[in-house]
Amino acid sequence: MEHDTSKPSNKKQSIDNLKTSGFERRLSIAKTSLNIGRRWAGNSVSGMFLDKKARSKRNQAFMEAQANYVAEELGKLKGSVVKIGQMLAMYGEHVLPPEITRALQTLNDDTATLTWPKIEQTLQFTLGDKLHELEINHTPIGTASLAQVHRATILATGEQVVLKIQYPGVADAIDSDLALFKRLLRVSNVVPQTRSLDTWFEEIRDLLHNEVDYDVEAATTERFYERLLDDPRYVVPKINPIYSSKRLLCMSYEPGVTVNSDALRLLSPERRNAIGQAAIEIMMQEIFVWGEMQTDPNFGNYLVRTTDNDNEIDKLILLDFGAIRQFDDTLLTIARGLLRAGYYHDHQAMMTSMTGYDFFNSMSDKVRSDVASLFLLATEPFSNPETNPSIPTNCLDEQQRYVWVNSKLHSRLSATAKRAMQSFEFNLPPKEFMFISRKFIGAYTFLTVIGAHTSSDNLVKPYL
């Protein structure tokens, strides 16, 4: 969730109340579903007399409009319905038309804000008399599906903090929201109703119940704070327990600029390289050292604090530790094997590393080989240039560092994955691999946007 230091934007739609009762949310979903049905019927009738090509083009445009309509209506509901949409977007390329995936992805940052009187009422209920100890900016500096962030000052000390305020009623609505969302998917008929999807929804349920518990998030934030306290490259907000509770999180205000800001683009190449290296190294530590990972790759979860002092370095600010996922030793062992095989660009070693997990064991030799080739491409930035002749020549600088902006890696991976998926004998990859996959895609995008060059030796050798 973004704590930007620029002026808060007032462009987002503001709503006076949340539809948090079961009846209100069911009614809203029912109206959305009814409108979807009417739109489908209207589109089908009006397209009856078009030729095949024109009908296909019209249907694609209709799907785009339909998806945007659904996303807009879900955004008004906020709460876990929106979060479910975001999480489902993780699986988008596997189960959803691209129009639906794109629309669901907008739910990350295009949701409406809750007006200050309603937020103040929530704070009064949560903080009681302690509310008078704070001077709070009424305009949020960050919004998300489950909460919004307001900057504040502790009057007694002048300390600058931020309050992550959970929307009222969203925690109690999680289970009914899941049922409503599944019903909406059935009505829209865009997602096959499979056992894999049911398993994914169960995982979403567990994640959401964990994410609305700010006692858990505070403890996780404190763990990361302690882990990175002595590493000057990172900043983790410090939790203030006096104003924190199960539904409210108070932490130090950490100013910085956004990942896609002009200020970051204007930094020297070496400074951007250092930020990029730090961004991907923290991900490696999450997976291979601590065994727990922040699974939301949203850019709003990162800021960069640049410096004008030659004796200091730019710092990566890590925000929002709600979407944390722990991984078991079996998965971590396999992940290390895959990384090692990727570093040496060894197809046979990659196939060998894929054993011991039901997802891989159920594949035929042909499919396993295709997946191994896909993993070799995905680990290209982590491979040793001396053992990987497949790296495009324009993707390495004179120091043999990987040039992200030239790689077009995401599009190359998507094309390869699409071809490989046609012969796959399964519906959906395991949820654990989807979380790691999305995290890597987020890191790839981050490094491409800031134009970083990274060293595979520095990234991988500590874990070989």
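Draft legend 1. Highlighting the layout of surface pockets. Roughly 250 Å³ of volume is contained in the second largest pocket. Around the second largest pocket, the lining residues are Lys118, Gln121, Thr122, Phe125, Thr126, Gln166, Tyr167, Pro168, Gly169, Ala171, Asp172 and Arg247. If one sorts the elements of the lining of the second largest pocket by residue count, helix α6 (residues 116-127) sits on top with 5 residues. Taken together, the residues of the lining of the second largest pocket break down into 4 nonpolar, 5 polar and 3 charged.

Draft legend 2. Region of the structure containing the side chain of glutamate 281. The residue glutamate 281 is located in helix α11 (residues 269-290) in this model. According to the relative accessible area criterion, glutamate 281 is buried, its value standing at 17%. In this view, glutamate 281 contacts Arg233, Tyr234, Asn458, Leu459 and Tyr463; residues no more than four positions away in its chain are not counted.

Draft legend 3. Expanded view of the pairing of strand β11 (residues 315-318). Note: strand β7 (residues 234-235) against β11, 2 bridges, orientation parallel. Residue pairing for β11: tyrosine 234 is matched across the bridge by leucine 316.

Draft legend 4. The packing of α11 against helix α12 (residues 329-344), seen in detail. Interhelical geometry of α11 versus α12 gives an angle of 130° and a closest axis separation of 9 Å. Taken together, the axis directions place α11 and α12 in an arrangement best described as oblique. Of the residues in α12, those in contact with Met284, Ile287 and Phe288 of α11 are Leu332, Ala335, Arg336 and Leu339. Class assignment of the residues belonging to the contact of α11 with α12 gives a composition of 6 nonpolar, no polar and 1 charged.

Draft legend 5. Structural detail: the nonpolar core. Of all hydrophobic cores here, the largest spans 79 residues; its most connected members are Leu316, Leu318, Met354, Phe360 and Phe382. Sorting elements by how many residues they give to this core places α11 first, with 9 residues. Leu127, Ile136, Ala152 and Cys250 belong to the second-largest nonpolar core, a separate cluster that totals 18 residues.

Draft legend 6. Local environment of the side chain of serine 261. Among the secondary structure elements, serine 261 is positioned in the loop between β8 (248-252) and α10 (262-265). Serine 261 sits in the buried class, given a relative accessible area of 13%. There is a polar contact of 2.9 Å between the side chain of serine 261 and the backbone oxygen of threonine 258.

Draft legend 7. Highlighting the pairing of strand β5 (residues 147-154). With 7 of 8 residues buried, β5 lies mostly within the body of the structure. Inspection of the sheet shows strand β3 (residues 134-136) paired to β5 by 3 bridges, in the antiparallel sense. Residue pairing across strands places leucine 134 opposite isoleucine 154, the latter belonging to β5. Counting the residues that bridge the hairpin from strand β4 (residues 142-143) to β5 gives 3 residues. Summarising the sheet, β5 and strand β6 (residues 160-166) pair through 7 bridges and their orientation is antiparallel. When the bridges of β6 are listed, threonine 153 appears paired with glutamine 160. Counted between consecutive antiparallel strands, the loop separating β5 from β6 contains 5 residues, among which glycine 158 sits at a positive phi close to 80°.

Draft legend 8. View of the packing of aromatic side chains. Overall, the coordinates contain 9 aromatic pairs when judged by the stated rule. Measuring from ring centre to ring centre gives 5.3 Å for tryptophan 404 and tyrosine 444, while their planes differ by 40°; the resulting arrangement is tilted. Residue tryptophan 404 is located in helix α16 (residues 404-407), and its partner tyrosine 444 is located in helix α18 (residues 431-449); the two are separated by 40 residues in the primary sequence. Each member of the pair tryptophan 404 and tyrosine 444 is classed as buried. Between phenylalanine 440 and tyrosine 444 the ring centres are 6.2 Å apart and the planes differ by 75°, which places this aromatic pair in the edge-to-face class. Pair noted here: phenylalanine 440 and tyrosine 444 are both in helix α18, with a separation of 4 residues, about one helical turn. The same class applies to phenylalanine 440 and to tyrosine 444, which are both buried. Within the aromatic cluster, the residues linked to one another by ring pairs are Phe382, Tyr402, Trp404, Phe440 and Tyr444. Here the basic side chain of arginine 227 rests over the ring of phenylalanine 224, its NZ or CZ set 4.9 Å away from the ring centre.

What counts and what doesn't
Residues numbered from 1 in each chain as written. Predicted model: local features only at pLDDT ≥ 70, side-chain atom pairs only at ≥ 80, totals over all residues. Heavy atoms only, no water. 1 Å grid on protein atoms, 1.4 Å probe; cavity = no way out; pocket = protein on both sides within 12 Å on 5 of 7 lines; lining within 4 Å. Points joined across faces, edges and corners; volume = space filled by probe spheres on them. Helix = DSSP H or I, 4+ residues; strand = E, 2+ residues; numbered from the N terminus. Nonpolar A, V, L, I, M, F, W, Y, C, P; charged D, E, K, R; others polar. Buried < 20%, exposed > 50% of the residue type's maximum accessible area, 1.4 Å probe, protein only. Contact = heavy atoms within 4.5 Å. Pairing = 2+ DSSP bridges. Axes fitted to C-alpha atoms, helices over the stretch in contact; angles between N-to-C directions. Parallel < 35°, antiparallel > 145°, perpendicular 65-115°, else oblique. Core = buried A, V, L, I, M, F, W, Y, C linked by side-chain atoms within 4.5 Å. Polar contact = N/O pair within 3.5 Å; in protein donor to acceptor, adjacent residues only side chain to side chain. Phe/Tyr/Trp six-rings, centres within 6.5 Å; stacked < 30°, edge-to-face > 60°. Lys NZ or Arg CZ within 6 Å of the ring centre and 35° of its normal.

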